[in-house]
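Given next are the chains, with one letter for each unit.
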Amino acid sequence: MLFAAYLCIAGNVAAGSAGVSTDRDYKIGVGDVLQVTTWKEEDLTFEKVFVRNDGKITIPLLDDIQAEGRTTMQLKKAIETGLAEFVEAPTVTVTLANPGSQKYYILGEVVGVGEYPLIKKLTVVQAFALAKGFTEWASKDEIILFRKENGKEQMIKIDYDDITDGELGNDIQLKADDIIIVP
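Residues numbered from 1 in each chain as written. Predicted model: local features only at pLDDT ≥ 70, side-chain atom pairs only at ≥ 80, totals over all residues. Heavy atoms only, no water.

K.L.:
Quick question: what am I supposed to make of the overall build of the chain here?
P.N.:
The secondary structure content of the chain amounts to four helices and ten strands. Written out in order from the N terminus, the α and β elements of the chain read α-β-β-β-β-α-β-β-β-α-β-β-α-β. Looking at the chain as a whole, 32% of its 183 residues qualify as buried. In the chain, of all internal contacts separated by at least 6 residues, the share reaching a separation of at least 24 is 50%. If you sum the accessible surface of the chain, you get close to 11,600 Å²; carbon and sulfur atoms cover 54% of it. (Helix = DSSP H or I, 4+ residues; strand = E, 2+ residues; numbered from the N terminus. Buried < 20%, exposed > 50% of the residue type's maximum accessible area, 1.4 Å probe, protein only. Contact = heavy atoms within 4.5 Å. Areas by Shrake-Rupley, 256 points an atom, 1.4 Å probe, with all protein chains shown as cover.)

Here it is, written out as structure tokens:
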């Protein structure tokens, strides 16, 4: 049993070190700010590179490069491949400087309506805390979470009272661009 667990962990470490992307790897999104560093090439090093609404970034010599939907490692390799025509053996590092694409929205009968950064793993209940709680007119058993995933829109009903009564499985983890509506 321990040996099987070891093989599983070793396989995951090997996959991660080989640059294999997993579903849990951060995907660059519109609004993110990246830092692109090209070793020993100051003219090809940039502190702030914004991912535009079309999902692309602009790098001198390469023009526009698709960044949205890629991991930082995938973008690094694309930049290195492009720069190889101009620089001998370029070594590029792509760092996420600001995850501007990671936001969620909360509307309706909460004190703090608005857009919030999704800077860590948050649940619906934690989102209500950040929004400073409910107004006195909130209908806590008719909350709706709108989520777009894999091109499909989902509507998820949330009953806050069920969660506070101990059904913690209903306290859903938020994802980027989720919209919570409290009627």
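K.L.:
Where do I start with the pattern of salt bridges in this structure?
P.N.:
When their charged atoms lie close together, side chains carrying opposite charge are able to pair. A full pass over the atoms with the stated rule returns six salt bridges. Between Lys103 and Glu115 there is a salt bridge, and its shortest N-O distance comes to 3.9 Å. Residue Lys103 is found in strand β6 (residues 103-108), and its partner Glu115 is found in strand β7 (residues 114-117); the two are separated by twelve residues along the sequence. Overall, Lys103 belongs to the partly exposed group, its relative accessible area being 24%. Of the charged contacts in the structure, one is a salt bridge between Asp178 and Arg147, with a shortest N-O distance of 2.7 Å. Taken together, the positions of Asp178 in the loop between α4 (160-164) and β10 (179-182) and Arg147 in strand β8 (residues 143-149) put the pair 31 residues apart, joining distant regions of the chain. (Salt bridge = Lys/Arg side-chain N within 4 Å of Asp/Glu carboxyl O.)

K.L.:
Mind showing me how you'd approach a negative patch on the surface here?
P.N.:
Among the surface-exposed residues, Asp141, Glu142, Asp161, Asp165 and Glu167 lie close enough to one another that they form a single negatively charged patch. Topologically, Asp141 is positioned in the loop between α3 (124-130) and β8. (Patch = residues over 30% accessible without salt bridge, like charges linked within 9 Å, V, L, I, M, F, W, Y side chains within 5 Å. Lys, Arg positive; Asp, Glu negative; His and termini not counted. Charge placed at Lys NZ, Arg CZ, Asp CG, Glu CD.)

K.L.:
Please explain the packing of aromatic side chains as it appears in this structure.
P.N.:
Working definition: an aromatic ring pair is given by the centre-to-centre distance plus the angle between the planes. Under the counting rule described, the total for this entry stands at four aromatic pairs. Relative to Phe134, the ring of Phe128 has its centre 4.7 Å away and its plane inclined at 50 degrees; by these criteria the two rings are tilted. The exposure class of Phe128 is buried, given its relative accessible area of 2%. Ring centres of Phe128 and Tyr160 lie 5.7 Å apart, and the angle between their planes is 75 degrees; on these two criteria the pair is classed as edge-to-face. Residue Phe128 is found in helix α3, and its partner Tyr160 is found in helix α4; the two are separated by 32 residues along the sequence. Taken together, the ring pairs connect Phe128, Phe134 and Tyr160 into an aromatic cluster. (Phe/Tyr/Trp six-rings, centres within 6.5 Å; stacked < 30°, edge-to-face > 60°.)

K.L.:
I'm lost on the side chain of Gln102 in this one. Help?
P.N.:
Mapping Gln102 onto the fold places it in the loop between β5 (92-98) and β6. If sequence neighbours within four positions are ignored, Gln102 has contacts with Tyr26, Asp32, Tyr116, Pro117, Leu118 and Ala176.

K.L.:
Quick question: what am I supposed to make of the sheet that holds β8 here?
P.N.:
The strands that make up a sheet are held in pairs by hydrogen bonds between backbone atoms, and each pair lies either parallel or antiparallel. One open sheet accounts for five strands, arranged β7-β6-β10-β8-β9; its pairing is mixed. Each edge of the sheet is formed by a strand with only one pairing partner; in this case those strands are β7 and β9 (152-158). The mean inter-strand angle of the sheet, taken between neighbouring strand axes irrespective of direction, is 20 degrees. Examined bridge by bridge, β6 and β10 share four bridges and lie parallel to one another. In the strand pairing of β10, Leu107 is matched with Ile181. (Pairing = 2+ DSSP bridges. Axes fitted to C-alpha atoms, helices over the stretch in contact; angles between N-to-C directions.)

K.L.:
So what exactly am I meant to see when it comes to the environment of Ala97 here?
P.N.:
The topology assignment puts Ala97 in strand β5. By relative accessible area, Ala97 is classed as partly exposed at 47%. With 49 residues separating them along the chain, Ala97 and Lys48 place their C-alpha atoms 7.6 Å apart. Ignoring sequence-local partners within four residues, the contact set of Ala97 consists of Val33, Leu34 and Gln35.

K.L.:
Which parts of the structure should I look at to understand the nonpolar core?
P.N.:
Phe128, Phe134, Ile143, Leu174, Ile180 and Val182 are the most contacted members of the largest nonpolar core, which totals 20 residues. Counting residues per element, this core draws most heavily on α3, which supplies three residues. Each residue touching Ile180, except ones within four places of it in the same chain, is listed here: Tyr105, Ile106, Leu107, Ala127, Phe128, Ile143, Ile144, Leu145 and Leu174. Listed in part, the 18 residues of the second largest apolar core include Val51, Ile65, Leu75 and Leu83. (Core = buried A, V, L, I, M, F, W, Y, C linked by side-chain atoms within 4.5 Å.)

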